[in-house]
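Residues per chain are reported as follows:
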Amino acid sequence: TAGLHPALSAHGRFCVNLLAGSHHPLLGAFAQSSRRAERFVAGDWQDGCDSLPYLASAPAAVCCEVDQRIDYATQPRWKAGPVSQRSESAPDSVTA
């Protein structure tokens, strides 16, 4: 979303969390910009690579780094690749 653009442009890293059905109650805070302050309050968030938050109970989390910014129409797009990952098979580790 457009709200992500300033942070992604400034830091160039983000974390994608693969969610399970049990995480459904967390979605509202991320779907509504008016609830932005609630985003990392509920759930078992941990600091991962470069202090990016990841959800420890998520089946998987992948930390990514932007490789390229592509200006397209009115919004920039980013090409990114993984720099570390965590999965249920290794729930206590985020590897770099």
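The model shown is predicted, which means the values in this text are computed figures rather than measured ones. (Residues numbered from 1 in each chain as written. Predicted model: local features only at pLDDT ≥ 70, side-chain atom pairs only at ≥ 80, totals over all residues. Heavy atoms only, no water.)

Asks: Any chance you could explain the overall build of the protein chain here in plain terms?
Replies: When helices and strands are counted, the protein chain shows two helices and five strands. Listing the helices and strands of the protein chain from first to last along the sequence gives α-β-α-β-β-β-β. Looking at the protein chain residue by residue over its 96 residues, the buried ones come to 27%. Sequence-distant contacts in the protein chain: of pairs separated by 6 or more residues, those separated by 24 or more amount to 48%. Per element, the accessible surface of the protein chain, about 6,300 Å² overall, is 54% carbon and sulfur. (Helix = DSSP H or I, 4+ residues; strand = E, 2+ residues; numbered from the N terminus. Buried < 20%, exposed > 50% of the residue type's maximum accessible area, 1.4 Å probe, protein only. Contact = heavy atoms within 4.5 Å. Areas by Shrake-Rupley, 256 points an atom, 1.4 Å probe, with all protein chains shown as cover.)

Asks: How should the pairing of strand 4 (residues 60–72) be read in this particular structure?
Replies: If a strand is regular, its side chains alternate between the two faces of the sheet. Of the strand pairs in this sheet, strand 1 (residues 13–18) and strand 4 are connected by six bridges, and their pairing is antiparallel. Residue pairing for strand 4: Cys 15 is matched across the bridge by Cys 63. Relative to strand 5 (residues 75–87), strand 4 runs antiparallel, the two being bridged by 12 bridges. The residue of strand 5 that forms the bridge with Cys 63 is Ser 84. Taken together, strand 4 and the strand that follows it, strand 5, pair antiparallel across an intervening segment of two residues, in which Ala 73 is found at a positive phi of about 55°. (Pairing = 2+ DSSP bridges.)

Asks: Looking at this structure, I do not really get the environment of Gln 85. What am I missing?
Replies: Counting through the fold element by element, Gln 85 comes out in strand 5. Given the relative accessible area of 52%, Gln 85 is considered exposed. In this structure the C-alpha to C-alpha distance between Gln 85 and Cys 63, which are 22 residues apart in sequence, comes to 6.1 Å.

Asks: Honestly, unusual backbone geometry in this entry has me stumped. Any pointers?
Replies: It is generally the case that most residues other than glycine have a negative phi and that most peptide bonds are trans. A positive phi angle, close to 50°, is found at Asp 50, a residue other than glycine. In this fold, Asp 50 is placed in the loop between strand 2 (45–47) and strand 3 (53–55). At Ser 51, a position not held by glycine, the phi torsion is positive, near 65°. The residue Ser 51 is located in the loop between strand 2 and strand 3 in this model. According to the relative accessible area criterion, Ser 51 is exposed, its value standing at 53%.

Asks: Explain the layout of surface pockets to me, please; I cannot follow it from the model alone.
Replies: Any space left empty among the atoms is revealed by the rolling of a water-sized probe across them. In this structure, the largest pocket occupies an estimated 820 Å³ of space. In terms of lining residues, the largest pocket is bounded by 24 residues, among which Leu 4, Cys 15, Phe 30, Arg 39 and Phe 40 are the most central. Those elements that place two or more of their residues in the lining of the largest pocket are helix 1 (5–11), strand 1, helix 2 (27–31) and strand 3. Top element by residues in the lining of the largest pocket is strand 1. It accounts for four residues. (1 Å grid on protein atoms, 1.4 Å probe; cavity = no way out; pocket = protein on both sides within 12 Å on 5 of 7 lines; lining within 4 Å. Points joined across faces, edges and corners; volume = space filled by probe spheres on them.)

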